[in-house]
Structures are given as C-alpha cells and as structure tokens.
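Read off the chains here:
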Amino acid sequence: MTKGNGEDPKPGSRMERIQQGVRKRTLLAKKKVQSITKDDVKSYLMRNAFVLFTVVAVILGVILGFSLRSYKMSYREVKYFSFPGELLMRMLQMLVLPLIVSSLVTGIAALDSKASGKMGVRAVVYYMSTTIIAVLIGIIIVVIIHPGKGTKENMHREGKIVQVTAADAFLDLIRNMFPPNLVEACFKQFKTNYEKRKFKVAIPPNDTSTVTSIISNVSEAMEALTRMKEEIVPVPGSVNGVNALGLVVFSISFGLVIGSMREQGQALKDFFDSLNEAIMRLVALIMWYAPLGILFLIAGKIVEMEDMGVIGGQLAMYTVTVIIGLLIHAVIVLPLLYFVITRKNPWVFIGGLIQALVTALGTSSSSATLPVTFKCLEEINGVDKRVTRFVLPVGATINMDGTALYEALAAIFIAQVNNFDLNFGQIITIRDRLRTTTNVLGDSIGAGIVEHLSRHELKNRDAEMGNSVIEENEMKKPYQLISQENENEKPIDSETKM
C-alpha cells in the first residue's frame, strides 16, 4: 500500500472507532437509565444520605444567613444563634488528637521501615510541590489583578506587630518536634517570646574620660566605669494549642518501633488499632448531627459578615483575588496533578470527598475536618488505610497550600497598598515567611497520589504478611454504628454504608 493510499484511511478509521465508542457508551448509559428501579433510587439515597443532607444543610444555611442579615443581630445574638455549629466544632476537635496518634501508630506499624520511608518521601515531595505551586499562583494573580492600587486613606492598622527572627522561628519548629512532656504537648506549643533586659557594659581601660571622673567624684567614677545597655533578648514561652508536630514525630517513631518488634509489639498494635476503630465509630455517630451543625455555622458566619461596601474597594478586590487564586489551585491544579500521576478521573475521586469539603467549608478548620476526611477516603474512595493513616495526619501538620497562596498574596498586596515595588528576588523571599497550615482537598488528593505511587510496596508487604489491612476490612464492617451491626449481612462494596 502506498503512502498516498495509506494516509487517508487512518484518520477515518480513528474517527470511526471514536464514534463507535461514543455510541456504545451512549447505549450502555441508556440501558442503565432504563433499568433503574425505585429500589435502586432508594438504595442510592440511603448510601449517600449523609452527603445529601450536608449539601442541603449548606444551601439552607446560605439562605437562612442572608435572610437574617436584615435584622442587624448583635454580637451576643449571633453567638447564641451559632451555638449548634459551635457544638459540632467542639465534638470534631475532641476526636482530632486521639485520631492523629492512633492513625499514625497503626499506619506506620503496618509497614516496614523501607516502605514507610518511601511513602514519607513521596508525601513530603507532594506537599512541598503543591505549596510552591500555590505560592506562584498567588504571586501571579496578585501581580496581574493588582488589588492594592489606589490610596490607603481609608485603611487602618489593627493588632500588635510582634517581631520574630527567622532563626528563632526555625529553632521553635525543631523544639516543637521533640516536646519534653507529651501530656503538655496536647494543649501547648513552645514559642519564643521577647523581652527587654538591661546589661552592664564595662568601659575600656584606655578611655581617658574616666580618669577625670574618678578624680572629681568617686560616685560618678563608679557609674562611669559601668554603663547600662538595653537589649531585646529571646526567652522561653508557650502558646495554647495542640503541638501536632511533636505528636506526629512521636507517633511515627513509636509506630516504627512497634512494627520492628513484630510479635512482641502485637499487643500495642492491636490496642491502637482498636482505638482508631472506636474513634471512627464516634465519627459515624457525630456525622448524624453534622448537617444541623453546618447549617448554623454557615448561617452564623453570613450573618456576622461585614458588608463589602463598608470594607472598601481595595479589601474587596483583595478578597476576590484570594478567591480566584484558591479556585485556580483547587479546581485546575490539584485535579490536573492527580490525573497526570494516576491517569484516573479526578472528579470521581473528588466526588467522594463532597462531605469532607462541605464540612471544611462550614467549620473553616481542616483539623476539625480530619475525622470526616478519613471516613470519605477509606469508605467511599477505597483508599488503603495504611496510606490514609500516614498521609492525612502528616498532611494536617505540614501541608500549607491554602495559607501559602493566601499569605503570599497578602504580602504583595500590602506592598502595593504602600506603593512599594518588589523585584523578583524580594517576591521569592516572601515564601520564607509563610506559616504551615493544611488544605483538605490537597491532603486527600495527596493520599490518592501516594497510594498510587506506593501500590507496589503495599502489595509486596501484603505478600510478606500473608494478609493486608484491606483483607481485614473485608472481614468486618468499618466505622458503622453499633446498631447497624445486626442488620442483614451483605458484602461490603466500595461505596459508603450509611
């Protein structure tokens, strides 16, 4: 066959194959739709009841919040109104600490040191990469939109500025990795404070002015021999809050030791495994209350939200710029990264995280959302427990996508307001002043990516141990309410049983 005769049929045959594939999928979709019965619809609604209730709660919360704005509620009234949502926050935060410790210990103990090391490196590389991308997005967006242009006559400064050196901040990070008291680490973090102190500075002996002072007056000479110097010095201090970094380091180390003990450490491994199971059962109970709490949380935040017209043009533009940057990172960058690495549909994966994402939207706390994120990833998306138990607690400590983007954008916005032009080198150094935070979507997609990259190590570990965490899950119903255990026995599928 000649080139001329061979080139024409190829595009046609490709188009025909594509068209045939589209027709087959269309016919399959029609058959599925036609075969849907009332029992199928009922079964779907029962499986996804939590997600549907949560989405409805968000919609009702938004409507209720905007409806009550016209009543001009006082601060006290808003707090009373938001009380059901505050209860949800407190219940979720109550479970975060035992969940982090038990998840990390059991997750690390189920892996050998080589597999956990590779998984840790992949997780850290992923979090660092997404953080750098988030910073770059924030910088590009703020430079393009330029929300700080104009005057700053209507802007005012609030709060107290505390000067912190980079060296002290870095040393505090290392100190918090090794807390001297694990009990204190549950509610306190180390933080360097600064205070003014006076030091005596001796005068050099070749200072001739002191000779005349000694001769004239002995008391004046004694004062002249020593001069008082005031200096700001770092002193040990603490702030309220869970030292998550210290607990993560301890839990990882403890899990590695338990895993290396084999039979001797089996009792401890079973204990933390049971603790993790008990915590997730409590999460399943709290989830029944979550839609109501989220409704009042969102409505309360909307009621106390300031009017954009009062805030001012610059801050309003700044808010819009932040939202655009976060949407680009969450809707384009993270799904694209997931698709490029795993070659799977990211929207199917993200669809299983709806409840966790809506909970994060309502609570504004990714650490409080951590129990729900565990539930969504393990039960709906079917991610291996050994991956979620390691990646999610670590991500809750070191991942900083949202805050990285937000604060990089904020730093340049402040410079724009003050008419201070930054060059490229100064823009890059802003990254060093960013604080660590978490992003629920980034953590979850990170768990999916790390599981995909670690699939060979997990399979090899399963072959060595003779059983896996997934096989253990098939023998018991994970995270279900106690009242559901005696219901009709059905095989566990990949979708949520609710």
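Residues numbered from 1 in each chain as written. Predicted model: local features only at pLDDT ≥ 70, side-chain atom pairs only at ≥ 80, totals over all residues. Heavy atoms only, no water.

## Observations concerning the overall build of the chain
Rule in force here: For helices the rule is a DSSP run of H or I covering at least 4 residues; for strands it is a run of E covering at least 2, with both sets numbered from the N terminus onward. Working definition: with a 1.4 Å probe on protein chains only, accessible area under 20% of the residue-type maximum means buried, over 50% means exposed, and in between means partly exposed. Working rule for contacts: check all heavy atoms of both residues, and any pair within 4.5 Å makes them a contact. Here, Shrake-Rupley sampling with a 1.4 Å probe gives the accessible areas, and only protein chains in the shown set may cover a residue.
When its secondary structure is counted, the chain shows 25 helices and 4 strands. Evaluated residue by residue, the chain yields a buried proportion of 40% over its 498 residues. Put simply, of all contacts in the chain between residues at least 6 apart along the chain, 86% involve residues at least 24 apart. Carbon and sulfur atoms form 62% of the exposed surface of the chain, whose accessible area is close to 29,600 Å².

## Examining the side chain of Arg386
Selection criterion: Here a polar contact is recorded for every N or O atom pair within 3.5 Å, except that within protein the pair must consist of a potential hydrogen donor and a potential acceptor, and residues adjacent in sequence are included only if both atoms are side-chain atoms.
Looking at where Arg386 falls in the secondary structure, it is placed in helix H20 (residues 385–398). Of note is the side chain of Arg386, whose polar atom sits 2.8 Å from the side chain of Asp384.

## Examining unusual backbone geometry
Even without a glycine there, the phi angle at Lys72 is positive, about 50°. The residue Lys72 is located in the loop between helix H4 (49–68) and helix H5 (75–81) in this model. With relative accessibility at 70%, the residue Lys72 sits in the exposed group. The residue Arg343 is not glycine, and still its phi comes out positive at about 60°. Turning to its location among the elements, Arg343 is positioned in the loop between helix H16 (313–342) and helix H17 (346–351).

## A word on the confidence of the model for the chain
Rules: Per-residue confidence from the predictor is reported as pLDDT, a score between 0 and 100.
On average, residues of the chain carry a pLDDT of 75, and 75% of them reach 70 or more. Per-element mean pLDDT across the chain ranges from 42 in helix H22 (residues 424–429) up to 90 in H5. A low-confidence stretch, residues 423–431 (pLDDT under 50), is modelled with 11 contacts involving residues beyond four sequence positions or located in other chains. Throughout residues 433–438 the model reports pLDDT below 50, and contacts reaching past four residues in sequence, or to other chains, amount to 24 contacts.

## Side note on the pattern of salt bridges
Defined as follows: By definition here, a salt bridge exists when the distance from a side-chain nitrogen of Lys or Arg to a carboxyl oxygen of Asp or Glu is within 4 Å.
If you walk through the whole model with that rule in mind, you get 8 salt bridges. Notably, a salt bridge pairs Asp273 with Arg389, separated by 3.3 Å at the nearest N-O pair. Of this pair, Asp273 sits in helix H13 (residues 266–286) while Arg389 is found in helix H20, placing the two residues 116 residues apart along the sequence. Arg389 sits in the buried class, given a relative accessible area of 5%. One network of salt bridges, with partners in common, ties together Lys118, Arg122 and Glu457.

## Examining the packing of helix H7 (residues 113–145) against H20
Stated formally: Axis definition: a line fitted to C-alpha atoms, limited for helices to the stretch in contact. Angles are taken between N-to-C directions and run from 0 to 180 degrees. When describing relative orientation, an angle under 35 degrees is termed roughly parallel and one over 145 degrees roughly antiparallel, while 65 to 115 degrees is termed roughly perpendicular and anything else oblique. Less than a right angle of anticlockwise turn of the near helix away from the far helix marks a crossing as left-handed, whereas a clockwise turn marks it as right-handed. Gly counts as polar in this scheme, as do all residues outside two lists: the nonpolar Ala, Val, Leu, Ile, Met, Phe, Trp, Tyr, Cys and Pro, and the charged Asp, Glu, Lys and Arg.
In contact at an axis separation of 11 Å, H7 and H20 are set at 40° when each is read in the N-to-C sense. Overall, the two elements H7 and H20 adopt an arrangement that is oblique. In the crossing of H7 with H20, the sense of the turn from one axis to the other is right-handed. Between H7, through Ser116, Met119, Gly120, Val124 and Tyr127, and H20, the contact on the second element is made entirely by Arg386, Val387, Phe390, Val391, Gly395 and Ile398. Tallied by class, residues from the contact of H7 with H20 come to 7 nonpolar, 3 polar and 1 charged.

## As for the packing of aromatic side chains
Centre-to-centre distance and the angle between the planes together describe a pair of aromatic rings. The following threshold applies: Here a pair means two rings of Phe, Tyr or Trp (six-membered ring of Trp) with centres within 6.5 Å. Their orientation is stacked below 30 degrees between planes, edge-to-face above 60, and tilted elsewhere. By definition, being over a ring means that NZ of Lys or CZ of Arg is both within 6 Å of the ring centre and within 35 degrees of the ring normal.
Tallied over the full model, the rule gives 6 aromatic pairs. Taking 5.9 Å as the distance between ring centres and 80° as the angle between the ring planes, the aromatic pair formed by Phe254 and Phe272 counts as edge-to-face. Taken together, the residues span a long stretch of sequence, with Phe254 in helix H12 (residues 244–261) and Phe272 in helix H13 at a distance of 18 residues. With a relative accessible area of 11%, Phe272 lands in the buried category. Each ring, one from Phe271 and one from Phe272, has its centre 5.1 Å from the other, and the planes form 75°; the classification is edge-to-face. Among the aromatic residues, those joined into a ring-pair cluster are Phe250, Phe254, Phe271 and Phe272. Over the ring of Phe339 we find Arg343, and its NZ or CZ is 5.7 Å from the ring centre.

## Some thoughts on helix H6 (residues 83–109)
For clarity, the threshold we go by: Take the residue count of a helix, subtract one, and multiply by 1.5 Å to get its expected span. Given a residue, its bend is the angle between the two axes fitted to the seven residues that end at it and to the seven that start from it.
The first and last C-alpha atoms of H6 sit 40 Å apart over 27 residues, in line with the 39 Å expected at 1.5 Å per residue. Considering bend angle alone, the principal kink of H6 is centred on Val96 and spans about 30°; proline Pro98 follows within four residues of it.

## Re a nonpolar patch on the surface
We apply this condition: In this analysis, a patch consists of residues with relative accessible area above 30% that form no salt bridge, clustered at 9 Å for like charges and at 5 Å for the nonpolar side chains Val, Leu, Ile, Met, Phe, Trp and Tyr.
Judged by side-chain polarity, Val33, Ile36, Val41, Tyr44, Leu45 and Leu52 come together as a nonpolar surface patch covering roughly 540 Å² of accessible area. For the nonpolar patch, the element with the highest residue contribution is helix H3 (residues 38–47), accounting for 3 residues. Structurally, Val41 can be placed in helix H3.

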